[in-house]
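# Secondary and tertiary structure notes
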Amino acid sequence: MKTKKIRLEETTLNDTQEIFELINRNRDRFNQWFNWVEKVTTVEDEKEFIEISIFDETQELYSIKFENHIIGIVDLQRVDLNNASAEVGYWIDEVFEGQGIVSNLVANLDEKTTVDKLKIIVNRNNTRAINVAQRAGFEFAHLIKGNIIYQKAF
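So, here's what we can say about the structure. (Residues numbered from 1 in each chain as written. Predicted model: local features only at pLDDT ≥ 70, side-chain atom pairs only at ≥ 80, totals over all residues. Heavy atoms only, no water.)

Okay, the packing of aromatic side chains next. If you walk through the whole model with that rule in mind, you get seven aromatic pairs. For the pair Phe30 and Phe34, a centre-to-centre distance of 5.8 Å together with 70 degrees between the ring planes defines the contact as edge-to-face. The class of Phe34 is partly exposed, set by a relative accessible area of 22%. Ring geometry for Phe30 against Trp36: centres 6.3 Å apart, planes inclined by 50 degrees, an arrangement best described as tilted. (Phe/Tyr/Trp six-rings, centres within 6.5 Å; stacked < 30°, edge-to-face > 60°. Buried < 20%, exposed > 50% of the residue type's maximum accessible area, 1.4 Å probe, protein only.)

Now for the nonpolar core. Ile64, Val88, Tyr90, Val106, Ile120 and Phe138 are the most contacted members of the largest nonpolar core, which totals 32 residues. Only strand E1 (6-10), strand E2 (60-66), strand E3 (69-80), strand E4 (85-92), helix H4 (101-107), strand E5 (117-123), helix H5 (127-135) and strand E7 (147-153) provide two or more residues apiece to this core. With five residues, the top contributor of residues to this core is H4. Sequence-distant contacts of Val88, defined by excluding residues within four places in its chain, comprise Val74, Asp75, Leu76, Val106, Leu109, Leu118, Lys119, Ile120 and Phe138. Counting residues in hydrophobic clusters, the runner-up holds twelve residues, among them Ile19, Phe20, Ile23 and Leu61. (Core = buried A, V, L, I, M, F, W, Y, C linked by side-chain atoms within 4.5 Å. Helix = DSSP H or I, 4+ residues; strand = E, 2+ residues; numbered from the N terminus. Contact = heavy atoms within 4.5 Å.)

Residues other than glycine seldom take positive phi values, yet Arg78 does so here, at roughly 50 degrees. Tracing the sequence through the fold places Arg78 in strand E3.

It is worth stressing that arrangement in space is one thing and function is another; only the former is reported here.
Now the structure itself:
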């Protein structure tokens with residue numbers, strides 16, 4: 001797969017149905033790591049989350065697209081413009097997992113956002129998410145309540 005065909009675009013309300021279907025296809029896998037999966041049971045639930053993300057200055061939501069199809073999400077949470085910092089979250093369709101797509105996109109988030117300090121909080125048992133953080137250039141910061149925190153400054 002050519003990485004030129006992969007891009008990160010701001011998520012819009014028009015993406016709601018496609019993202020909901022993607023979550024449904026990966027629901028069992030996502031349930032292991034994300035507590036929000038149980039809260040997204042309808043298209044309307046996903047629409048509400050996207051609306052909040054669009055209008056909330058403390059969040060940025062990006063769709064990972066391959067050939068105009070959404071294959072995952074990268075989002076910034078707790079965006080703090082005063083400190084130019086945010087937390088990064090990400091997930092991708094199982095079909096595209098393990099190809100370095102998310103690592104590459106997360107490593108280059110400085111091209112999309114104005115913050116210059118990023119943090120990734122990962123369950124210490126989620127080795128794939130840990131690998132993404134490390135390959136994207138994030139460094140171990142500390143361990144807290146079973147989660148590993150990685151940080152990166154641009």
